Number of protein chains: 2
Amino acid sequence: MNRFKKIFSSRISTDDEALSRGIKKITGITPKDIDVYRKAFTHKSMSLKDADGNPISYERLEFLGDAILGSVIAEYIYNEVPHGDEGYLTKMRSKIVSREHLNELGMDFGLIDFAKTQVPERNFGANVHGNLFEALVGAIYLDKGYKRTQNFISRRVIEPYVDIEKLEGKVISYKSILIEWCQKNKKTFNYHTYEDTGVNEIRHFSVKLSIDDRILAKARATSKKKAEEKASKRAFFALQDKISTQ
Amino acid sequence: MNRFKKIFSSRISTDDEALSRGIKKITGITPKDIDVYRKAFTHKSMSLKDADGNPISYERLEFLGDAILGSVIAEYIYNEVPHGDEGYLTKMRSKIVSREHLNELGMDFGLIDFAKTQVPERNFGANVHGNLFEALVGAIYLDKGYKRTQNFISRRVIEPYVDIEKLEGKVISYKSILIEWCQKNKKTFNYHTYEDTGVNEIRHFSVKLSIDDRILAKARATSKKKAEEKASKRAFFALQDKISTQ
């Protein structure tokens, strides 16, 4: 009996260490209370309950994380868009914390790899990624407090993903210009984007952009979107003469 | 010219001192950056602009305050309702931060007295009270940070106003029982509720509850609602025999 117990607890602790390392890699944060992160990656299909019989799953942390993320983004928008009235600020925030955007974040962070579930991954819709991301924010908040969570969101969400000028429609997307140009000129294009951590502590993505099977630009950044935009900008300037003489 | 300037700046500073004292009385917080509180009480009808030409009004702070209040209440609900799933937590939070509830808070705090506006008070709807309350939360957050704002919301909002068991429908409201009993028995009732700060640093309310013009109970609390509920409970026990034999 004792032997089983020992094996069981040593397995738990190995799992926890792997989770802790994974979170450190994604977020740059060293977990203190690993329990709360374990909860953030537990799907309700695991049917776990706490000592009081309350279900353990990431859903409740998702609720908390959504609220914390909402305030952090609200303050960011409040400072960045000094000319906007309440309605405009609300609109800008919805763009940033859109379901689509949260799913993209969760996917780029590869959060599903940490999820404990009885449901096969293929049976989940896209929203699981955004939900796990919100739950992770909730866990960081409970473990580290508001300031540290705000700092995490600035470094890992706002800086790599949010381009306020683009959201305000003030600057153009090089990727969309390029795609439009390709379509108009019957060129094939391909963005080959892949995870490329290299020597960095946090996750990076690299992209090779080919037009008509010729690699025209490469780029590397902390999000897929940013890497693709960077490569598109490079390709845009390489092609500039052709594009501007259309 | 110099004289005018002097008179003008001394008037501003007297206004600021009065505002600072008022905020201290309502919130228990001594403002550090008075500018941000002045903004929280400036209606857009004042048509003020900052150095960059951006309008100064409480609307933007209202947006920020709404988000901060939302997270603080989310964490409170998260801890207080361990059995609730995401949907239930969301529902509980909506009840607490309902428009009606925020307006009640703003009114109890008497925030309209600090408002700078060109619009006569009678022309405002009830929502101005809730909006000013949200803007005040935004101002406290910018002036004092998350922890202090959370502390203010706990002391001045959650503790006096939020009864989680009542919100969950687990306990009854003595006020509604009493009113129902009066109506059934053709009794007149009157809650005479008034501000009664007395010796306390923060605002208190007293209530005299009369049934058929006879004062049946008195109570005192930090919100009108709480004082009335307290008086109703006292009256309920005074009348208990009559009520239970209906």
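The rules we used
Residues numbered from 1 in each chain as written. Chains lettered and ligands numbered in written order. Predicted model: local features only at pLDDT ≥ 70, side-chain atom pairs only at ≥ 80, totals over all residues. Heavy atoms only, no water. UniProt positions renumbered as here; feature names shortened; annotations may be inferred. Salt bridge = Lys/Arg side-chain N within 4 Å of Asp/Glu carboxyl O. Helix = DSSP H or I, 4+ residues; strand = E, 2+ residues; numbered from the N terminus. Buried < 20%, exposed > 50% of the residue type's maximum accessible area, 1.4 Å probe, protein only. Least-squares fit on C-alpha atoms with pLDDT ≥ 70 in both. Contact = heavy atoms within 4.5 Å. Pairing = 2+ DSSP bridges. Axes fitted to C-alpha atoms, helices over the stretch in contact; angles between N-to-C directions. Left-handed = near helix turned anticlockwise from the far one by under 90°. Nonpolar A, V, L, I, M, F, W, Y, C, P; charged D, E, K, R; others polar.

Looking at an unreviewed UniProt entry, one finds chain A named Ribonuclease 3 and attributed to Nonlabens ulvanivorans. What UniProt records for chain A under Sequence similarities (unreviewed entry) is the sentence "Belongs to the ribonuclease III family." Under the Subunit (unreviewed entry) heading, UniProt states for chain A: "Homodimer."

1. Observations concerning the pattern of salt bridges
Under the definition given, this model contains 21 salt bridges over all chains. For Asp15 of chain B, the salt bridge identified is with Lys116 of chain B, shortest N-O distance 3.3 Å. Of this pair, Asp15 of chain B sits in helix 1 (residues 2–27) while Lys116 of chain B sits in the loop between helix 5 (99–108) and helix 6 (127–144), and the two are 101 residues apart along the sequence. Relative accessible area serves as the criterion here: at 38%, Lys116 of chain B is assigned to the partly exposed category. When the shortest N-O distance is used, the salt bridge between Glu134 of chain B and Arg99 of chain B registers 3.4 Å. Of this pair, Glu134 of chain B sits in helix 6 while Arg99 of chain B is found in helix 5, placing the two residues 35 residues apart along the sequence. Judged by its relative accessible area of 31%, Arg99 of chain B is partly exposed. Members of the salt-bridge network, linked through shared partners, are Asp16, Asp35 and Arg38 of chain A.

2. What about the relation of the copies chain B and chain A?
After a rotation of 180° and a shift along the axis of 0.0 Å, chain B superposes on chain A with an RMSD of 0.1 Å. Look at the turn and shift together and you get a two-fold axis relating the two. Both copies present the same face, since 100% of the interface residues in chain B are matched by interface residues at the equivalent positions in chain A.

3. Some thoughts on the sheet that holds strand 5 (residues 214–221) of chain A
All names here are of chain A. The three strands lie next to each other as 3-4-5, forming an open sheet whose pairing is antiparallel. Since the sheet does not close on itself, it has two edges, and those belong to strand 3 (189–195) and strand 5, each with one partner. Strand-to-strand twist of the sheet, defined as the mean angle between neighbouring strand axes without regard to direction, takes the value 15°.

4. Brief notes about the environment of Asp143 of chain A
Residue and element names in this part refer to chain A. Residue placement: Asp143 occurs in helix 6 (residues 127–144). Here the alpha-carbon distance between Asp143 and Lys32, two residues 111 residues apart in the chain, equals 6.5 Å. If we ignore the near neighbours within four places in the chain, the residues touching Asp143 are Thr30, Pro31, Lys32, Asp33, Val36 and Tyr37.

5. Focus: the packing of helix 5 (residues 99–108) of chain A against helix 7 (residues 146–161) of chain A
Residues and elements named next belong to chain A. Where helix 5 contacts helix 7, the two axes come as close as 12 Å, and the packing angle between them is 115°. Crossing geometry of helix 5 relative to helix 7 is assigned as right-handed. Counting all contacts with helix 5, which are made through His101, Glu104, Leu105 and Asp108, the residues of helix 7 involved are Arg156, Val157 and Tyr161. Across the contact of helix 5 with helix 7, the residue classes break down as three nonpolar, one polar and three charged.

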